[in-house]
Every structure is written in structure tokens, then in C-alpha cells.
Amino acid sequence: MMAMGLLWMGLALLQTLQTQAQTGAQTGAQTEAQDSHQEIPVQPGFIEDRFVGTWYSVGLASTFPWFLKKKAEMLMCKTVLTPEADGTVNLTATFVSNNQCETRTSLLRKTEQPGHYVYKSIKWGSEHNIFVVETNYEEYTLLYTTKTKGNSNFNMATLYSRTKDIRPELKERFIRFAENHGFTEDNIVILPKTDQCIDEN
Ligand SMILES: *[C@@H]1O[C@H](CO)[C@@H](O)[C@H](O)[C@H]1NC(C)=O
């Protein structure tokens, strides 16, 4: 069991949520209103080569209970996306946890829909669908992620930025995006900037 105090961000949080989901599944507290199999539109004409590279997670939204409990303590994290020779995309996230730097790697598989990736966790028996809903590649990305495990599922919205600072308009855009996907104000967090573990270079 992962330490309860682990602070994760961006897609890195999915691995921790696995642990929580296992606990939650036993109490039947998992199901959320949104249907994880709904069609999520992605960025038209998505170009992976322009999307990869470094992103900072500056906004998150989820209804997951553990997230709601911890969100006030979370800090920005860094995600590096690298295309691998076999066609997968290596997603490596770095974040601060208990004052230490942690990294998590997930290998994302492409689907037939460009901008829609799948990540399966053998360890946790879960499947994550990651949708690049909107991006201008150079500045920001809106991501929507669904996770299913057995009959339970949860969803998350993420705002990625190429730099640690982001225009206020884009924060507003993210909040509207999250609200359009059913998240309430209470489910949304804009993550404070940090230099710990994620220097901008
Ligand atoms: C993924 O990328 C990280 C560095 O960004 C590297 O350390 C790791 O070995 C890579 N993992 C795989 C499976 O390619």
C-alpha cells in the first residue's frame, strides 16, 4: 500500500488512486455519475510530435474522495512525454511527496483515434483512457482521463502548461472545461507553483 501522505499530481496521481480505488471498491463507494465509456472529443487534427515534451500540471479536477481531502496540499508537477521506438509514449511525472522528489512512468498506447491514449495497469487491473481534448501545443492542453477498474470508474480533468506560469484566461478556460464535465468548484484545484523537484530546464 502506498503511503497515504503521497502527494501526486497530473497523471502521476492515477497510480496512487489505484490504491485508493482498491480500498474504495470494498466499501462500494466508487461509482461516479459520469459514464466512462462516453465518447470524448479530442483536438481535431491532433499531431503527437507537437504534443510531446515537457508540461507542467497546473490544474486538476476530480471527485475522488482522496483527492478532495488532499487537494489543498498539492503542488504543481512536471510531466515529460517521450515517444518510444515501439510507438508508445513514455509519460514520466516528477512531483514532490513528503519533501522528496518522486517519479512515476506510464507507457501510453495509441488508439485508432489520434489524441486518445490507453494505459493499462497490470499491477492494479485498471484501464485509463486519456483524451487530449484541446491543445495549442505551445502553451496549454486540456486533458480528460477516465479510469475503470471492474465496475468502478472515476474521471479527471487536467490543465497542462508549457511553463509554470499560465495566463489567467487559460485557468478560467480550464475551470469552465471542468464544470462542463460535471465537476463543481469544490472538485477543482489550481496547483501552486514550486521549484522543488521540477526546475524549469
Ligand atoms: C521513460 O522515460 C524516463 C525518463 O524520461 C526513463 O528514465 C525511463 O527509463 C523510460 N521508461 C521506459 C520504459 O522507456
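Everything below is about the structure shown above.
Residues numbered from 1 in each chain as written. Predicted model: local features only at pLDDT ≥ 70, side-chain atom pairs only at ≥ 80, totals over all residues. Heavy atoms only, no water.

K.L.:
Outline the overall build of the protein chain, supporting the account with residue identities and numerical values.
P.N.:
What the protein chain contains, in helices and strands, is 4 helices and 9 strands. Here the protein chain, with 201 residues, has 55% of them falling under the buried criterion. The contacts in the protein chain between residues at least 6 apart in sequence include a share of 60% that link residues at least 24 apart. Element-wise, carbon and sulfur atoms account for 50% of the exposed surface of the protein chain, whose accessible area totals about 9,400 Å². (Helix = DSSP H or I, 4+ residues; strand = E, 2+ residues; numbered from the N terminus. Buried < 20%, exposed > 50% of the residue type's maximum accessible area, 1.4 Å probe, protein only. Contact = heavy atoms within 4.5 Å. Areas by Shrake-Rupley, 256 points an atom, 1.4 Å probe, with all protein chains shown as cover.)

K.L.:
Let's hear about unusual backbone geometry: which residues, and what values?
P.N.:
In this structure, tyrosine 137 takes a positive phi of about 65° despite not being glycine. Here tyrosine 137 lies in the loop between strand E6 (126–135) and strand E7 (140–149). Of the residues examined, tyrosine 137 reaches a relative accessible area of 8% and is grouped as buried. The phi torsion at cysteine 197 lies on the positive side, around 70°, for a residue other than glycine. As for its placement among the helices and strands, cysteine 197 is situated in the segment after strand E9 (188–190).

K.L.:
Any details on the nonpolar core? Residues and values, ideally.
P.N.:
Generally speaking, nonpolar side chains in soluble globular proteins are found buried as a group. Among the nonpolar cores identified, the biggest contains 23 residues, and Ala61, Tyr144, Ala157, Leu159, Phe174, Phe177 and Phe183 are the most heavily contacted of them. Within the residue set of this core, elements represented by two or more residues are strand E1 (53–62), E6, E7, strand E8 (152–161) and helix H4 (168–180). The leading source of residues in this core is H4, at 4 residues. Those residues in contact with phenylalanine 177, other than ones at most four positions away along the chain, are Val133, Leu142, Leu143, Tyr144 and Ala157. In terms of nonpolar packing, the next biggest core, distinct from the first, is built from 16 residues, Phe46, Trp55, Leu81 and Leu108 among them. (Core = buried A, V, L, I, M, F, W, Y, C linked by side-chain atoms within 4.5 Å.)

K.L.:
For the pattern of salt bridges, give the residues involved together with the corresponding values.
P.N.:
Under the counting rule described, the total for this entry stands at 8 salt bridges. With a closest N to O distance of 3.1 Å, glutamate 48 and lysine 110 form a salt bridge. Of this pair, glutamate 48 sits in helix H2 (residues 48–51) while lysine 110 is found in strand E4 (residues 100–110), placing the two residues 62 residues apart along the sequence. Judged by relative accessible area, glutamate 48 falls into the buried class, the value being 14%. The salt bridge partner of lysine 164 is aspartate 195, with a shortest N-O separation of 2.9 Å. (Salt bridge = Lys/Arg side-chain N within 4 Å of Asp/Glu carboxyl O.)

K.L.:
Give a detailed account of the site of the ligand, specifying residues and quantitative values.
P.N.:
Close to the ligand lie Glu84, Asn90, Thr92, Thr105 and Leu107, which account for all nearby residues. Note that an oxygen atom of the ligand is positioned 2.4 Å from one of the side-chain N or O atoms of asparagine 90. Protein burial of the ligand: of its 360 Å² of free accessible surface, 42% is covered by the chains. Of all the secondary structure elements, the ones that give two or more residues to the shell around the ligand are strand E3 (89–97) and E4. (Near = heavy atom within 4 Å. Polar contact = N/O pair within 3.5 Å; in protein donor to acceptor, adjacent residues only side chain to side chain.)

K.L.:
Outline the environment of isoleucine 188, supporting the account with residue identities and numerical values.
P.N.:
Positionally, isoleucine 188 belongs in strand E9. With 127 residues separating them in the primary sequence, isoleucine 188 and alanine 61 have C-alpha atoms 4.2 Å apart. Residues within four places of isoleucine 188 in sequence aside, it is in contact with Leu60, Ala61, Lys71, Phe174, Ile175, Ala178, Glu179 and Phe183.

Interpretation in functional terms is not warranted from these geometric data alone.
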